[in-house]
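Chain residues, written in single-letter form:
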Amino acid sequence: MSVAELFRFSLRGLTGHGLRTLLSLVGVVIGVAAVLLLTALGEGARRYVVDQFEGLGTNILIVMPGKIETSGMAGFGGAPNDLTLSDAQAIDRRLTLVTRVAPLAMGTEQVSFGPRSRQVAIIGTTAEYKEIRKVDLAHGEFLPSSELFRGSPVAVLGSKLAKELFPGIDPTGKIIRIGEWRMRVIGVMGPMGVKLGVDFDELALVPVTTVMKMLNRSSLFRILAQVRTHSDLDAAKQRIVDVMIERHDEDDVTVVSQDSVVSSFDAILNALTLVVAAIAAVPLSSPPGSRFAYSGAGYCVLGRVAEIAAEAPFETLVQKRLGAPLDFTRTTYFPCLLYTSPSPRDP
């Protein structure tokens, strides 16, 4: 049989049962579209998380107070040493693999200007934070350098916070209140949006020493260290641990790389994408007439092929080949309910 004859033969089989063919195609389209949609949603979630991390800088090590790994014998007390500004300075001075270090102290305070006020997040850091976290400035300047142990009363505002406190005017040089502290606005960040749950458009950046005094904190929240190249991450991580052990006389800090966090999220979301795709694909191969909205779509296609090849309705084929030997009187395949002649046993 030539290709042209096979095409005409198939076309006659399809057009001979137009409604059934149309509904079969609809079932297949719905099933395939569901698989593609759910897979795309999983892939989109994965890319979103990865982009969120990549938008906050690369080759970054995060130093946290306290040990999150279990090792050795049970100790007494268990309180980790404070993560201090001197620790950040030691990492910066003693590690040649590290290019920038930014200590972090965080909290929330009331920021006000005249009658306008908002409760926002306050991040205490240094000038290096700008390059590590890729912060864009709309106008003004960033936190001054050489502010590790000095607490200048200055602040850099997020774009949305600046617009709400100073509608229609430039806030640079204006005096605001953060809690009970008077601060001079020296810059405004460009729009950055929400990164990993932190809205950079609605926060204020203040020198880290000032924030620690303002919030009465003795320990830093984190220390960010940016490494020269990706290949240096493991070596720099071990060197930071060694420096902290030397300073604290114990291994009481946790150092994680931002890339390792991204890889963990990436692996988790890849697995979820596969699971979601598998769940969506199950109904395509499910027995006809099951509880799925597009169940039996694959059986539909097989049924049409069988009809065309045998030049007989599918219900006749099923009744002769399966129904008669098994004494079946009804058979269902998506999207039609096919009914054959009742047997004498039927009421």
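Residues numbered from 1 in each chain as written. Predicted model: local features only at pLDDT ≥ 70, side-chain atom pairs only at ≥ 80, totals over all residues. Heavy atoms only, no water.

A. Spotlight on the overall build of the protein. Within the protein, the regular secondary structure consists of 10 helices and 14 strands. Within the protein, buried positions represent 40% of all 347 residues. Restricting to contacts in the protein with at least 6 residues of sequence separation, those with at least 24 account for 72%. For the protein, the accessible surface area stands at approximately 18,900 Å², while carbon and sulfur atoms represent 59% of it. (Helix = DSSP H or I, 4+ residues; strand = E, 2+ residues; numbered from the N terminus. Buried < 20%, exposed > 50% of the residue type's maximum accessible area, 1.4 Å probe, protein only. Contact = heavy atoms within 4.5 Å. Areas by Shrake-Rupley, 256 points an atom, 1.4 Å probe, with all protein chains shown as cover.)

B. Here's a closer look at unusual backbone geometry. In this structure, K134 takes a positive phi of about 55° despite not being glycine. Its place among the elements puts K134 in the loop between α4 (129-132) and β4 (137-140). You will see that N216, though not glycine, has its phi angle at about 55°, which is positive. Relative to the helices and strands, N216 resides in the loop between α6 (208-214) and β11 (222-227).

C. Region of interest: the pattern of salt bridges. Scanning the model with the defined rule gives 6 salt bridges in all. Two residues, R94 and E246, come together in a salt bridge whose shortest N-O distance is 2.8 Å. You can see R94 sitting in helix α3 (residues 85-94) and its partner E246 sitting in helix α7 (residues 233-248), a full 152 residues away along the chain. Taking the shortest distance from any N to any O, the salt bridge between K130 and E131 comes out at 3.7 Å. K130 sits in the partly exposed class, given a relative accessible area of 25%. Each of R118, K160, E164 and E202 takes part in one network of salt bridges that share partners. (Salt bridge = Lys/Arg side-chain N within 4 Å of Asp/Glu carboxyl O.)

D. Region of the structure containing a nonpolar patch on the surface. A cluster of nonpolar side chains, L19, L22, L23, V26 and I30, forms an exposed patch at the surface whose accessible area comes to about 420 Å². The topology assignment puts V26 in helix α2 (residues 18-54). (Patch = residues over 30% accessible without salt bridge, like charges linked within 9 Å, V, L, I, M, F, W, Y side chains within 5 Å.)

E. Highlighting the packing of α3 against α7. The contact between α3 and α7 brings their axes to 10 Å, and the two run at 135°. Judged by the inter-axis angle, α3 sits oblique to α7. α7 is crossed by α3, and the crossing has right-handed handedness. Residues S86, D87, A90, I91 and R94 of α3 form the contact with α7, whose own contacting residues are R239, I240, V243, M244, E246, R247 and H248. Residues that form the contact of α3 with α7 fall into these classes: 5 nonpolar, 2 polar and 5 charged. (Axes fitted to C-alpha atoms, helices over the stretch in contact; angles between N-to-C directions. Parallel < 35°, antiparallel > 145°, perpendicular 65-115°, else oblique. Left-handed = near helix turned anticlockwise from the far one by under 90°. Nonpolar A, V, L, I, M, F, W, Y, C, P; charged D, E, K, R; others polar.)

F. Summary view of the nonpolar core. Of all hydrophobic cores here, the largest spans 45 residues; its most connected members are I176, I178 and I240. Look past the residues within four positions of I240 in its chain and what remains in contact with it is L61, V63, I91, L95, A225 and V255. I123, F142, L203 and L224 belong to the second largest nonpolar core, which has 20 residues in total. (Core = buried A, V, L, I, M, F, W, Y, C linked by side-chain atoms within 4.5 Å.)

G. Broad picture of the packing of aromatic side chains. Scanning the entire structure with this criterion turns up 1 aromatic pair. Ring geometry for F113 against F166: centres 4.3 Å apart, planes inclined by 45°, an arrangement best described as tilted. One end of the pair, F113, is in strand β2 (residues 98-113); the other, F166, is in the loop between α5 (159-165) and β6 (175-178), with 53 residues separating them in the sequence. Between the NZ or CZ atom of R222 and the centre of the ring of F221, over which it lies, the distance is 4.2 Å. (Phe/Tyr/Trp six-rings, centres within 6.5 Å; stacked < 30°, edge-to-face > 60°. Lys NZ or Arg CZ within 6 Å of the ring centre and 35° of its normal.)

H. Here's a closer look at the pairing of strand β3 (residues 116-125). Pairing of β2 with β3 involves 9 bridges; the strand directions are antiparallel. Across the sheet, Q110 pairs through a bridge with Q119, a residue of β3. What sits between the antiparallel neighbours β2 and β3 is a turn of 2 residues, in which G114 has the positive phi angle 60°. Where β3 meets strand β10 (residues 203-207), 5 bridges bridge the pair, whose relative direction is parallel. In the sheet register, T125 faces β10, and the bridge partner there is P207. (Pairing = 2+ DSSP bridges.)

I. A look at α3. All of the buried residues along α3 are L85, D87, A88, A90 and I91. Tucked into the core, α3 has its buried residues touching β1 (60-65), β2, α6, β11 and α7.

J. How the structure looks around the confidence of the model for the protein. Averaged over every residue, the pLDDT of the protein is 76; the share at 70 or more is 67%. Confidence, read as mean pLDDT per element, is least for strand β14 (residues 336-339) in the protein (37) and greatest for strand β5 (residues 154-157) (95). pLDDT under 50 marks residues 70-78. Its contacts with residues more than four places away, or in other chains, come to 0 contacts. The model gives residues 328-347 a pLDDT under 50, and that stretch makes 44 contacts with residues more than four places away or in other chains. (pLDDT = per-residue confidence, 0-100.)

K. Highlighting α7. The end-to-end C-alpha distance of α7, which contains 16 residues, comes to 22 Å, matching closely the 22 Å that a straight helix rising 1.5 Å per residue would cover. Among the residues of α7, those classed as buried are L233, A236, I240, V241, V243, M244 and H248. End-on, the buried residues of α7 take up no more than an arc of 165°, which puts them together on one face. For α7, the exposed residues lying more than 90 degrees away from the buried face are D234 and E246. D249 sits one or two positions beyond α7 and adopts a positive phi of about 65°. (Expected span 1.5 Å × (residues − 1). Arc of directions from axis to C-beta.)

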